[in-house]
Structure formats: C-alpha cells, structure tokens
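Listed below, chain by chain, are the residues.
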Amino acid sequence: MKKILALLLICAPLLLQAQLKLQGKVKDETGHPLDAATITLKKADKQIASAFADLGNFNLNYPQAGTYTISASLVGYQPVQVTLQLPKDSVVLVMQADSKQLKEVTVTYRKPLIERKVDRVTFNVENSIIASGGSAWEALTKAPGIQVGASNDITANRKTVRVYMDNKPLNISGDDLSAYLQGLPSDLVAQIEVFSNPPAKFEAEGASVINIVTKKGKKQGLNVTLNSAFTQGVYSSYNGSGSFNYRKDKLNVYGSYGYTHRHTFQDHDVDIDYGTSLWNSPSRFIYESNSHNYRLGADYQVTDNQVLGFLVTGNNRKGSTGSNTLTRVTDGQMNLDSTLNTVNFAANTANQYAYNLNYNLKMDSGKRSLNIDVDYSPYQSNSKAYADNGSFFPDGTPTNTMFHIYTPSSQNIDIYSGKADYNYKIGSWELTSGLKYSSTKSRNNFDYFNRDGDLLTSIPENSNHFIYTEKTSAAYTSISGTLGKWTLQGGLRGEYTKTRGYSITLDSLNQRNYFKLFPTAFIQYKFNNDNELQFNYAYRIERPEYNRLNPAKRFSSPYNVYVGNPALQPAFVQNLELSYTYKQQYNVTAYYSATHDVFTNINIQDNATKIYYGTQANLGLSVNTGVRLSASFRPANWWDLNVLGEAYYQQEKSAYLSSSFDFRLYTYDATLKQSFTIDNKASLKAEISATYNGPGIQGIYRADHNSEIDAGIKTNLLKGMGTLRLAVNDIFNTNNNYIRINYLDQHSGFFHHPESRTVGLSFSYRFGKNVAASRSRSTASEEERKRAQ
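These figures come from a predicted structure and were not determined experimentally. Residue numbers restart at each chain and count upward from 1, following the sequence in its written direction. Local features in this predicted model are restricted to residues whose pLDDT is 70 or higher, and side-chain atom pairs enter the listing and the counts only when it is 80 or higher, whereas totals over whole chains, interfaces and linings include all residues. Heavy atoms from the whole structure form the basis of all side-chain values; hydrogens and water molecules are not counted.

A.B. asks: Honestly, the side chain of Ser410 in this entry has me stumped. Any pointers?
C.D. replies: Structurally, Ser410 is set in strand E25 (residues 398–426). Partly exposed residues are those whose accessible area sits between 20% and 50% of the maximum for their type, while under 20% is buried and over 50% is exposed, using a 1.4 Å probe and protein chains only. When its relative accessible area of 19% is taken as the criterion, Ser410 is described as buried. Residues are treated as being in contact if the distance between any of their heavy atoms lies within 4.5 Å. Other than its neighbours up to four places away in sequence, Ser410 contacts Ser381, Asn382, Arg443, Asn444 and Asn445. Helix numbering and strand numbering both begin at the N terminus, where a helix is a DSSP run of H or I of at least 4 residues and a strand a DSSP run of E of at least 2.

Below, the structure is given as structure tokens:
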C-alpha cells in the first residue's frame, strides 16, 4: 500500500491559478497554415505576450479582459494587425503574400561547436569537421567530457552513462553499443547532448545521460540529404547514407538508411606475473563487419490539436572477429619455459528493431498536453566462436596439451513498454508528470563442444542456458518555473523493480524486488545578464547490463575464461554540482559524485593453476570530486576556440579478496578545440582538436594517461549544395590505454590500442524545397534496449 501511495503522490497534479488564454490560427490567402510566423499581443502599445506559430497554431496568455491589438509578421508576407476585445474563444489571422518581397533572402546562423545550457552540454556534430564523415561512435568520442575505456565502456566526466538516441535509450552496451554506433554514419547525427545530472523525466538509470540527436528535415515538401565517406587506416572502411523528409498538408513522412563496411583492428597485450613465471601475450584483434541502419516514420495531424504517429527503426549487423596470440612463458630469470599459440575466430550476427506507436494531444490552447507511447523492441544475436590452443616446449616441439573448442551462443530479448506523459503550463511555471511500465525477457543459450576435426563432443558442465526477466513500474512528476531572478526545477521519480535470473543448467535462481525514490533539483540565480549561479542535485541508479549477469563460461584459451555474475546488485549514485557562468561563455563547476555498491569487471589470477579469469562484482565506494572549467573565445572573426580543463580527486574504497583497499589519486584532463575560417566566400574552414586524459583509477585498476590530436578541413561545392571534408584522426597515434593491477598477489598489465590513426574523406549533397521539421519524440522502450546484449 505504501508503494501505491508513493506513486499516487508523485503523479498528483498541482492546482495552480491559470491566466486567461487566447487560441488562434494564422493562414495565407489559400487557407494554408503559416509556420513560424511571429505573433504579438499588445495593450496600449505595451507588449503583453508573443509566440511563434507552430504549423499555423498559436496560444497567447493575457492577464485580464479588455481591448488588445494582435499582430502577425513573416518574411514574404505583409504584416497584419487586428484590434479585438478579449476574452475571445479564438482568432484567425490571414496574411497576404508580399508582392514586393525579395526574390531570394539568405539568412545564415552559425551554431557554436559547443553549447552550454541549464541542464546539458551540446556538441554540434554537424558543425565539426573532425566528427563528420566517420561513424556515430567516432563522433561520440569527440564530444567534450566523454571518455571511452579499453572495453568500449563509456563515461561522461568519469560517470557511467545511459546512451539515448532521439530521446530513446539504446539498450545495448560495451562492444555491442560500439558495433551499433560504428555502423551508423555520423553524417546522420546533428548533435550529441551530455546531461551530467539528468532531470526526472529521464529514466533513473545511469549516473549521466548522453542523447544522440539525429538529423531531421526542416522544410515543407521533399528534402533529401546524401552522404558518403571513405576512411583509410591500416585497413579501409567506408559508408553511405541518405535521409529524407516529406511533408504535405497533415501528413509528414521521414526516414533514413545507412550502410557501413568496417575493417579495423585493436592491439591487446597482456602481461601476468604468477610469481614463479611471467606470461607475455601480445595479440591483434581484426574486426570486419557490414551494417545496415534504417528508420521510417510518419506523423498524421488528425485534428488541429491531435497527432498520431508511428516509427520503425532497425539495425542488422554481420561480421567476424579474429585474433592470433603467441604467449611466451618465462621463469624468474627470463628463461623461456614454453610458448602457447592461441587462435580465436567468431562469426557474429545481430538484429535490433524498435516499433513505436505515438499519440499526442494538445489541450487548453496548448497549455496542457498528453503524450502516449507504446513500444515493442526485439533483439537477437548469434555467435559461432572457435578457439584453438597449442603448447610448445622451448625448442618448438609440441606438447600433448591441445585445446580445440566450439562455442555457439544466442541471445533473444523482447522488451514491451508503454508510457504516458502529461504536461501542464501555467504562466511561467510548467508541471510534467508521467507513468511508465516495461517488461523485459532475455533468453541466453551457450553451448560448449570439444572439437576433434569434424567431431563435436558436448560438455554440459561448461554449457549454460540462462533466462532473465525484469519488470519496472515508474511514475514521476517535476515542476519548473521562474520567480524573479530565480529559475527553479524540482522532480521526484519512483521506480518499483522486480528481477528474476534463472540458470537452467545450474538450477540457480536469483530474485530481487525493490522500490526506490529518485529526487532531482535544479536552482539557478541570475544576478544580471552576464552572471549566473546554478546548483543541481540528482540521485540515480545503475543497473547491470544483461551480459554481466549471464553465468556462462566463455573460454578464449584453456588459461583464460570469463564468467558473469547473476547475483550482481544495482549501484546507487549521489551527484551534486555548483557552477558559475559569466556571459554564457565562461563556466566554472565544482562537483561531487559518489557511487555506492559500484559494480565492475574484475580480473583474478590463480597463481597455482595459472588460470586468469574475469568476472563481475559489487565493490564498495567510488568517489569523484573536482573543478571543471570551460570557456569559448573568439580572438578574431575567423578564429573560434573552445577550452575545457578539469582537475579532480578520485577515491576507490572496498573490501576485496582477503583484504581491502583505499586508493586515492589527484589528476586532470584538458581539451582544446579550434576552428578557422580560411576563405569565407568559398566556405573553406579548418578545425584542430587536442585532448589529454590524465591517469585514473577504477577499483584495483590503475590507468595511465593518453592523448589525441585531430585535424580537418572542409569546403562547400556545387553552389552550396555539397560539402567536402578531409579529416585526420589521432595524428601522433597516442590514443592508447595502459592499465595495471598491483594488489596482494595480483600483478598484471594490459595494453589496448584501437586503430585510431586514420584519414577520412567524406562528401554530402543536399537537395529539396523549403520545409518544417518532422516531430522529435521519444518512445517508451527508453532504457531497456541499452542493456540488451
């Protein structure tokens, strides 16, 4: 009963006193609605309210009855002005085409590369030469404050993230998320938004949120953009994509398609000190894949205030991963004891889809709105993996120890979800409340066979069939508004979660039911137009991805195995930030983030059996606190700079194995992005970016520093319809990850180097008419799809 009462309290509507309101339409002589017309309401020459028409519709608030003047203006039309007596139910304004309008008017607005807003930092990918022409994954790694680890885990200012696309979570992570975004051309991405402390409307999961915003048509009629790119490193990769938007009357249809062929590598070297012997294992993983990304959606305006829409997205991937590892085993005097030759190969396929049905209703002249989403998101992946290992004496003679296995695996995930959001505006205040329910079922099959030529022998004790289900009911409410110089926003989200993980093979069951409240608060004080002070707070949850829970044993050699942990528990995060902004260009932020019961991957070496295995575990406390500085400069009208610097303190504290640790570190990061206008007439521009990430700690892992310098140049062609870009990434090949473990009798090191030094050439071509944007909307299968594997 307490849980039900808490949910009802969260969604209880506020009772506020409304102002008087006027609803209206603005049309041309033919009755066609005019979008983006400026509507102004005045009383005795004093402006009372103003608004932009949305597809011809507008809403204005006014304080009391009386005589008012309403006017409308729009480029290409003669201004219109009407005097009327209010209150009045509605008004229709008709605008005449301006016979003296200019034949062609070009208005140029250049978005800055990086924008800072109240609750987010926005990286405008389409304005970046370096981030364009490659993959969405590469663009993501260029965003300010984003770090990518050796296992393709993403953090934002060292906090875990939930990755969204167009306000819809991508419920995949790690290598699957990397593969998905590497198959999506960055030319389909407009912006990357980084929410350091997400508001209550977002799912409670993830200490921070990254939202990838794709490009959408912005004009009436048909608009098409075509892109192609070629990238050369050690291997060659290429992609092609296209997007369109078509709007006529009440119907809007939009879509995109992208194909990516990816061929790249990653060096992965491991050193292990077992006490009596040293194992050195250098290897190179070669990846090759073909990906198809597509999206098709439509919105139909049923009435002036109702829109019905559907959206279908899909991703199909097929690829392979191969590696050859030669391990040298030496004694304490560095004398060769033996060598191991390990060959791994895996053929993989993955198919991810999302089906969304959306209904949006605007009421009370647009001051109230209701949005409903229903979603179904299936995900399937299959892998056929082979591992072969041979042992050899120092003279090269083979031993009798041979290892040949075949491990096919599959994963099928079904996510059903629905949500409803209610929005109510009252003057300068806005109330938003919502409900959501999601149900996820993941079925994982992993089979283990010994191979002798074509003969396969099943080993049941090394196989595993695992079923995981998760059901979450959520409700939230938030209110935001202004009081003089204060801007306030507060929110509360409640989530009740039931999980069940069952290993059929092991006959092992893990269940957990819990209810949690997640408050958020944003407070801003504006001293004047140049000076602002802001405080924000959020309490968040981090739920383990599905692959971390799967107890299947995955052998890459007889001495290296990975196994998930079905008993893994969620972690909880406290985030606080206090920031000062000067002239919207300079910002200093002091922050504190503490994660309790943090879960992470761990590596354990058995010095007796010489087996090295990875698993997942909940540790204790992880703390990050520091100061972040950001600034935008324009030394000259042809030169723009964006600077981001950060100094911070890390603490990792936990009981672990037979002891405990309390590691602490002071470190820093820095990023400098510069853009230059070389020739304004030819739209010839250049960009250079430099990033440095200082040393860091995570649990018992200690990471060394790394850095990267990128550069690019672009120009417009074909009367501005085409854009040609050339970019060089990681010019000095310094984007490496070197990690060490020195704890008790655990001594090992890892060197990861992805193929980061590449040269890319891309071309974009745009054609179409003048248009209005396709609706940007989120679906209900919010965060669940990101955790799929």
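A.B. asks: In this structure, what is going on with the sheet that holds strand E37 (residues 599–606)? I would like to understand it.
C.D. replies: As a general point, the strands of a sheet are linked pairwise by backbone hydrogen bonds and lie either parallel or antiparallel. With mixed pairing, four strands are arranged side by side in an open sheet as E33-E34-E38-E37. The open sheet has two edge strands, strand E33 (553–557) and E37, and neither has a second partner. Strand-to-strand twist across the sheet, computed as the mean angle between neighbouring axes with direction ignored, equals 20 degrees. Strand pairing requires that DSSP identify at least two bridges connecting the strands. In this sheet, strand E38 (residues 611–618) lies alongside strand E34 (residues 560–563) in parallel orientation, the contact comprising three bridges. Paired with Asn560 across the strands is Tyr612, a residue of E38. To obtain an axis, a line is fitted to C-alpha atoms, over the contacting stretch when the element is a helix, and the angle between two such axes runs from 0 to 180 degrees between their N-to-C directions.

A.B. asks: Hey, could you run me through the pattern of salt bridges in this one?
C.D. replies: Once their charged atoms are close, side chains differing in charge can pair, the charge on each being opposite to the other. What makes a salt bridge here is a side-chain nitrogen of Lys or Arg within 4 Å of a carboxyl oxygen of Asp or Glu, nothing more. Within this structure, the stated rule accounts for 12 salt bridges. Of the charged contacts in the structure, one is a salt bridge between Asp304 and Lys25, with a shortest N-O distance of 2.2 Å. Highlighted residues: Asp304 in the loop between strand E21 (283–303) and strand E22 (306–330) and Lys25 in strand E1 (residues 20–28), separated in sequence by 279 residues. The class for Asp304 is partly exposed, based on a relative accessible area of 43%.

A.B. asks: Help me understand the sheet that holds strand E6 (residues 80–86) in this model?
C.D. replies: What the four strands build is an open sheet, ordered E3-E2-E5-E6; its pairing is antiparallel. A single partner strand is all that each edge strand has here, and the edge strands are strand E3 (46–52) and E6. Neighbour-to-neighbour, the strand axes of this sheet turn through a mean angle of 25 degrees, independent of strand direction. One ladder, built from six bridges, connects strand E2 (residues 38–43) with E3; its direction is antiparallel. By the bridge assignment for E3, Leu41 is matched with Ala49.

A.B. asks: Sorry, what's going on with a nonpolar patch on the surface here?
C.D. replies: Each patch is built from residues lacking any salt bridge and having more than 30% relative accessible area; the joining distance is 9 Å for like charges and 5 Å for nonpolar side chains (Val, Leu, Ile, Met, Phe, Trp, Tyr). The Shrake-Rupley method, run with a 1.4 Å probe, gives the accessible areas here. Residue values count only the displayed protein chains as cover. A cluster of nonpolar side chains, Leu222, Phe244, Tyr246, Leu251, Leu296, Tyr300, Val302, Leu308, Phe310, Leu357, Ile372 and Val374, forms an exposed patch at the surface whose accessible area comes to about 990 Å². For the nonpolar patch, the elements supplying multiple residues, two or more each, are strand E18 (236–248), E21, E22 and strand E24 (368–392). Take the nonpolar patch: its biggest share by element is three residues, from E21. Inspection of the secondary structure puts Leu251 in strand E19 (residues 251–273).

A.B. asks: Hey, could you run me through the packing of aromatic side chains in this one?
C.D. replies: For Phe, Tyr and Trp, where Trp contributes only its six-membered ring, two rings pair if their centres lie within 6.5 Å, and the inter-plane angle classes them as stacked under 30 degrees, edge-to-face over 60, or tilted in between. Enumeration over the complete set of coordinates arrives at 27 aromatic pairs. On the numbers, 5.8 Å between centres and 85 degrees between planes, the contact of Phe661 with Tyr743 is edge-to-face. Taken together, the residues Phe661 in strand E41 (residues 659–679) and Tyr743 in strand E47 (residues 737–743) connect sequence positions 82 residues apart. Both residues of the pair, Phe661 and Tyr743, count as buried. For Arg284, the ring lying beneath its charged end belongs to Phe265, and the centroid distance is 3.8 Å. Whether a charge sits over a ring comes down to the Lys NZ or Arg CZ being within 6 Å of the ring centre and within 35 degrees of the ring normal. The lysine or arginine in question, Lys516, covers the ring of Phe572, its NZ or CZ lying 4.9 Å from the ring centre.

A.B. asks: Just checking my understanding: could you explain the nonpolar core for this structure?
C.D. replies: In summary, soluble globular proteins display a tendency toward joint burial of nonpolar side chains. Counting residues in hydrophobic clusters, the biggest one holds 28 residues, and the most contacted among them are Phe123, Ile146, Ile154, Leu181, Ile192 and Ile210. Setting aside chain neighbours within four positions, we find Ile210 in contact with Leu140, Ile146, Ile154, Val161, Arg162, Val163, Tyr164, Ile192 and Glu193. Residues Ile602, Tyr612, Phe661 and Phe750 belong to the second largest nonpolar core, which totals 23 residues. Throughout this description, the term nonpolar core refers to a set of buried Ala, Val, Leu, Ile, Met, Phe, Trp, Tyr and Cys residues connected via side-chain atoms within 4.5 Å.

A.B. asks: Sorry if this is basic, but what is going on with the environment of Ser289 here?
C.D. replies: Tracing the sequence through the fold places Ser289 in strand E21. Each C-alpha atom, one on Ser289 and one on Asp304, is 46 Å from the other, the two residues being 15 residues apart in sequence. Discounting residues that sit within four places of it in the chain, Ser289 has contacts with Thr260, His261, Arg262, Lys318 and Gly319.

A.B. asks: Looking at this structure, I do not really get the pairing of E25. What am I missing?
C.D. replies: Successive side chains on a regular strand alternate, one facing one side of the sheet and the next facing the other. By the bridge criterion, 24 bridges tie E24 to E25 in an arrangement that is antiparallel. Pairing of Val374 across the sheet is with Gly418, part of E25. Count of turn residues in the E24/E25 antiparallel hairpin: five residues, of which Gly396 carries a positive phi of about 95 degrees. For E25 and strand E27 (residues 449–452), the ladder comprises two bridges, and the chain directions are antiparallel. Its bridge partner being in E27, Tyr406 is matched across the sheet by Phe449. By the bridge criterion, 18 bridges tie E25 to strand E26 (residues 429–446) in an arrangement that is antiparallel. Residue pairing for E26: Tyr424 is matched across the bridge by Leu431. Where E25 folds back on E26, the antiparallel hairpin that results is connected by two residues, among which Gly427 adopts a positive phi of roughly 65 degrees.

A.B. asks: Is there a simple way to think about the confidence of the model for the chain in this case?
C.D. replies: Close inspection of predicted coordinates is inappropriate in any region flagged by low pLDDT. The predictor reports its confidence for every residue as pLDDT, a score running from 0 up to 100. Chain-level statistics for the chain give a pLDDT mean of 85 and a share of 90% at 70 or above. Between the elements of the chain, mean pLDDT differs from a low of 34, seen in strand E50 (residues 772–773), to a high of 96, seen in strand E20 (residues 278–281). Note that residues 1–18 has pLDDT below 50 and, in this model, 29 contacts with residues that lie over four places away or in other chains. For the stretch residues 782–789, pLDDT sits under 50, and the model shows 70 contacts to residues farther than four places along the chain or on other chains.

A.B. asks: What am I meant to see in the pairing of strand E40 (residues 639–656) here?
C.D. replies: Across the 18 residues that make up E40, a large majority, 13, are buried. Pairing geometry for strand E39 (residues 621–636) and E40, over 14 bridges, is antiparallel. What sits directly across from Leu629, in E40, is Gly645. Where E39 hands over to E40, the hairpin turn is made up of two residues, counted between the paired strands. In terms of strand pairing, E40 meets E41 through 18 bridges, oriented antiparallel. Residue pairing across strands places Ser654 opposite Phe661, the latter belonging to E41. Hairpin connection from E40 to E41: two residues lie between these consecutive antiparallel strands, with Leu657 at a positive phi of about 55 degrees.

A.B. asks: Sorry if this is basic, but what is going on with unusual backbone geometry here?
C.D. replies: Glycine aside, negative phi is the norm for most residues, and most peptide bonds take the trans geometry. Put simply, Leu86 and Pro87 share a cis peptide bond, and its omega is 15 degrees. In this structure, Pro87 sits in the loop between E6 and strand E7 (90–95). Positive phi, normally seen in glycine, also occurs at Lys610, with a value near 65 degrees. Along the chain, the position of Lys610 falls in the loop between E37 and E38. Using a relative accessible area of 16% as the deciding quantity, one classes Lys610 as buried. We note that Leu657 has phi near 55 degrees; this positive angle belongs to a residue other than glycine. One can find Leu657 in the loop between E40 and E41. Judged by its relative accessible area of 45%, Leu657 falls in the partly exposed class.

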